[in-house]
Structures are given as structure tokens and as C-alpha cells.
Amino acid sequence: MIKVAEQLISTLKELGVKYIFGVPSGNWVDYLEVIRKTPGIEFILVSNEASGGFMADVHWRLTGNMAACFGTFGPGACNLSTGVCGGRLDRSPMIALGDEPDDEMVNRITQMNINQQELFKPITKIQSRLKPGRIRETLHEAYKIALSEVPGPVYIGIPSGIAGLQSDEKLSGLPDIPEIGDPAEAELKKMADLFKASEKPIIAAGITAVRLRAGKYITELADRYGIPVILTPMAKGLIHENHSWYGGVLSHAMSDIVAETYQQADLVMGIGYDPVEFNYEEWMPGAQLIHMDTTNSEMTFFKERKVQNVIGNINTGIKRLINSDVTKKMWDPEEIVKRKKEIFTILGGQGETFDTLSVLKELRKKLPDNGIMTCDVGAHLHLTGQAWKAFSPENQQMTNGCSSMGFGIPAAISAKLSKPERDVVCITGDGGFLMMAGEMATVKRLGLKVIFIILNDGELSLISIKQDKKNYSTYGTGLFKKTERIGDSFFGVPVITASSIKTYRNALENAFATDGPSIIEVIVKKEDYENFILKGNKLN
């Protein structure tokens, strides 16, 4: 007879779970012991449960395998919910596990007890509670739901005291994940008619296109008919920046120049476009919309505008368009290239000037093409999202649906665990670093070679810039005094401070030559961002 703890861990392993990220509890020690004895699955201790959710998120993005994360009663679960929320809004499946009181006490007011089923309800696709004899059934159902469109986290509560109970179960095999069906023929026909009638269509591609590996088809469609392609931030790398029809990233640095292209469109084709990143109404011109995705658009804003939903496997729809009997569209390719060159010239940095742009430029020279850069949330994200050249979507890991500060550091640790053969660098602001500074102990303990570049300008610059635009005082955004520095090491991770292009280049050389983790603290100014970000997404 197998026990609950053994059944839980063995089933997770069968489902492809290699890592469980979290902070253990007294109730979890029985499960820890089973994990210790089970090859192929590992518990990774983190400093903050939120990191566990972010790590599970990025592990799935880079490997296609789900990970699990764990938080104990009450405060542990609350911390965990931040990372789980990231998976929900960034569309990453994971299995979130949490301690819960036993059946007799679960509805009582007791120490550390809150209703965790309700806590996780808005941010997970399903909430369950383990019962002996139904461990595999519960996990299989959760796994299937997590991976079905639209993918996202699931939550499973673990009642205290059940780890050693017997759990005789007959369920075998692995659950089947439903395939994404093709769009209805009527929808495909309406889409084709609209495409044929348009003179200047534009493609807006997003994270669904990344998930369904639609990049090659989108590139073929753009080439065949001469159509500009713009991307949401999390789809960066779906089409190469050097491609003649690449038009830039929505809502990031120099968005006003990107807007010069898409505001001319008479048809917007949202291909794998998930509005969770950026609502259509925030940027669209006065044009017809084709929304090609696995779920309907939520276009309540456009009450008088027709939206053609094409719901199902987006690759089927793209192929239908590729094979259309349609002539080239009316876009001038030289205009698209000219705008793109203008963006990258502006964001390319100025000679030996030391600023955030030169930090990105020098790092891009050092990081191999297959290296992974994780980026935290802040003013630097808006700059990085446009300026950083990504050779595939996995090269640049960021959060945009959830946009939680603190994402960058745990994302980098997870990236290195998931792709140990790759170089991994994290770019974070000082605010994001302060949120997850404890994970320096995690990366040091794991002995992972990850380079953390901290852009230290002493404040929450994105909020401060927004205050400036409203002529407000920059109140409540200060982090460090201008003379304060992180120090020579942090939890044993060496820190190198760079305040010039020369010292920064030397710091990069040393960091890439180091076997373990390292921190480069870069002294920058808020002014590095002010002329480039929050430029607006509409021309009028």
C-alpha cells in the first residue's frame, strides 16, 4: 500500500514535474523526505514563496514542462499567490500546492488559517483539495485543466495530517490534453474576405503566437503580401528585428514611432494576440479588427466597431491567409525600414556615454545569441523591451500580463536551472532587487552562474517620471540616497560597482569569467529614461 506523500510525489514526477519551488512547513516534512528519496524530482528552497511561482512560470516557458510551487498555511499561501498570479496573467501553467487544516478544522478560526480555496480562486483555473484514494485523480484533472487553453495555474490544498495515510488508487497512464480545434469555416471565410478587401493590413502578434509556435507562419504571411508586423512585449523575438517587415514593439520605448506605422492600417489582424498584455482599444487605429486567437476578444469598448473573431488553432487561420488569392498589399517597405532604423539609432546609445542604453548595448555584445536575459518591471523594462535584440522569444523573459516587480531575479534562477548550458543575465532595477534580494542566498546556495545587473538610480523611476509628467512632487518613490551603494557582496555573491563605460566593461568581463553568481551594480540616472518611454500609442 502506498501512502499519500508517496502517491503525491510519484504522480507529480510522472506528470513531468522536475522542480517544486517553495518554503517548507512542518506539515511538508513528510513530503520533503519522499522527494529526497525520489530521483528526478527536487525541492528548491526559495527565500520568498512568490519567487516559487515566478520560477515555476519561467520553467514551463523554457522547457514546456510544468513545475510546482508550495506555500504553507496563511502567510505562506499569500506570498505564493503573487507568483501564481504571474502565471495566471502571463498564461503559464503550474501546480500550486498549499498546506490547509484538516477537514475538522478547515472552517474554524484558527492560527494561520484563511480560506485558501477562495484566495486562489481569481488567479487559478481550478481549486482542489487532496483526499486519500483520489490523489492521482485530483492531480490528473488539475494537470489537464492547467495545460488546456488558455493555460494557467491550478491550486491544490493539502490537508494536514494525511501524508502517512494509505492511498490505494487504480488510475494509471497520463491524462490527454485536448487539442485546439480549427476555427469555424464561416469565421475563416469572413477573415479571408476582410483580408482581400484591405489595402494596408497590419499584423499584431502576441503570446498565444509564441505558445503555438506561429512565428514561421507569420513571417511567411508578412513576406508573401508585404505586411508590417508589430509585437507585444512578451512576443519579442517571434520575428527577427532585422526582418524587413518588423515594425517594433507596442507600448514600449519610442512607441510614437511604432505608431506611425500601425495608425495607417485599414485592417488590424491580431494573430495570437492576447489583450492581457495590452488592450486593443489603447492603441488601435480606426480600423476593422480580426482577432485570431484561442479565445474571443473582450471588445466592449468598441461598441460601434465590428470585430471578426477567428477562434481556434491560429496556425490554421494563418495558413488560410497565406494561400489566399490576393495581390501584394500597399505598404511601402522603405518606410517600415526607415522607422525601424530610426528607433534603433535612437536606442543604440551615444558613443562612450554611460547610461542605461549603453548598459544594454555592451551586454548585448557579451551575451551569446542563445543567452537568456530576464528583465524585471520598471522604467528599464520599457527601454529594454524595445532596445534589446532577441533572437527568439525565449531569449528575453519578462512579465507583461501580470507586470509584477520582483519577477526578474527568480526568473533568472529558474532559467539557469531549466537551461544550465545557457548564459543567463538578469536586468533589474533597484526596486525589484530590494523585493527579491533574499534570492541571492538561493542562487549562491545552488551555485548557479547567473549575472545580476542592478540599475541603481535610487528611486522608483517609472513612477517618478509619471509624477513629473503631472508636475507632482516625486514623493514616496525614493529608495537609496545618491551616495549609497549595495556593498562589496550580498549573501556571499560578489558585487562590482560600475559608474563609467570602462568600469562596466571590466565588470562584464569579470562576471562572465566567474563560475558562480555575481552582481554588477550600475549607477544610472532617471533621466536615462525620460526621453524614450511613455511616448503614447496613438498619434492623435
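First, a word on what this report is: a plain description of the structure on this page. Counting restarts for each chain, with residues numbered from 1 along the sequence as it is written. Totals for whole chains, interfaces and linings use all residues, but because this is a predicted model, local features are given only for residues with pLDDT of at least 70 and pairs of side-chain atoms are given and counted only at 80 or more. Note that the side-chain values use all heavy atoms of the structure and ignore hydrogens as well as water.

**Comments concerning the pattern of salt bridges**
Phase 1 of the analysis: Any carboxyl oxygen of Asp or Glu within 4 Å of a side-chain nitrogen of Lys or Arg constitutes a salt bridge here. Applying the stated criterion to the full structure yields 20 salt bridges.
Phase 2 of the analysis: Measuring nitrogen to oxygen at the nearest pair gives 2.9 Å for the salt bridge that ties Glu14 to Arg136. Here Arg136 lies in helix α6 (residues 135-147) and Glu14 lies in helix α1 (residues 4-14), a separation of 122 residues in the sequence.
Phase 3 of the analysis: We note a salt bridge from Glu100 to Arg129, for which the minimum N-O separation is 2.7 Å. Taken together, the residues span a long stretch of sequence, with Glu100 in strand β4 (residues 94-100) and Arg129 in strand β5 (residues 127-129) at a distance of 29 residues.
Phase 4 of the analysis: Each of Glu33, Arg36 and Lys37 takes part in a single network of salt bridges with overlapping partners. Strands are runs of DSSP state E lasting at least two residues, helices are runs of H or I lasting at least four, and both sets are numbered from the N terminus onward.

**A closer look at the side chain of Thr124**
Phase 1 of the analysis: The residue Thr124 is located in the loop between α5 (116-119) and β5 in this model.
Phase 2 of the analysis: Only protein chains enter the calculation, and the probe is 1.4 Å; a residue is then buried if its accessible area is under 20% of its type maximum, exposed if over 50%, and partly exposed in between. By relative accessible area, Thr124 is classed as buried at 2%.
Phase 3 of the analysis: Within 3.5 Å is the distance limit for a polar contact, defined as a pair of N or O atoms, with the added protein rule that one can donate a hydrogen and the other accept it, and that residues adjacent in sequence qualify only through two side-chain atoms. Within the structure, Thr124 has its side chain in polar contact with the backbone oxygen of Phe120 (distance 2.6 Å).
Phase 4 of the analysis: A polar atom in the side chain of Thr124 sits 3.0 Å from the side chain of Gln127.
Phase 5 of the analysis: When checking whether two residues touch, look at their non-hydrogen atoms; a contact exists if any pair is within 4.5 Å. If we skip the residues at most four places from it in the chain, Thr124 touches Val84, Arg88, Pro153, Val154 and Tyr155.

**Structural notes on the packing of helix α9 (residues 215-225) against helix α11 (residues 314-322)**
Phase 1 of the analysis: Running from N to C, α9 and α11 point in directions that differ by 20 degrees, and their axes come no closer than 10 Å. With respect to α11, the element α9 is oriented roughly parallel. Seen from above, α9 lies across α11 with left-handed handedness. Of α11, the residues touching α9 (which contributes Tyr217, Ile218, Glu220, Leu221, Arg224 and Tyr225) are Asn315, Ile318, Lys319, Leu321 and Ile322.
Phase 2 of the analysis: Basically, the charged four are Asp, Glu, Lys and Arg, the nonpolar ten are Ala, Val, Leu, Ile, Met, Phe, Trp, Tyr, Cys and Pro, and anything else, Gly included, counts as polar. Its residues assigned to classes, the contact of α9 with α11 comprises seven nonpolar, one polar and three charged. Axis definition: a line fitted to C-alpha atoms, limited for helices to the stretch in contact. Angles are taken between N-to-C directions and run from 0 to 180 degrees. With respect to orientation, any angle under 35 degrees is reported as roughly parallel, any angle over 145 as roughly antiparallel, any angle of 65 to 115 as roughly perpendicular, and every other angle as oblique. Two helices crossing with the near one rotated counterclockwise from the far one by less than a right angle form a left-handed crossing, whereas a clockwise rotation gives a right-handed crossing.

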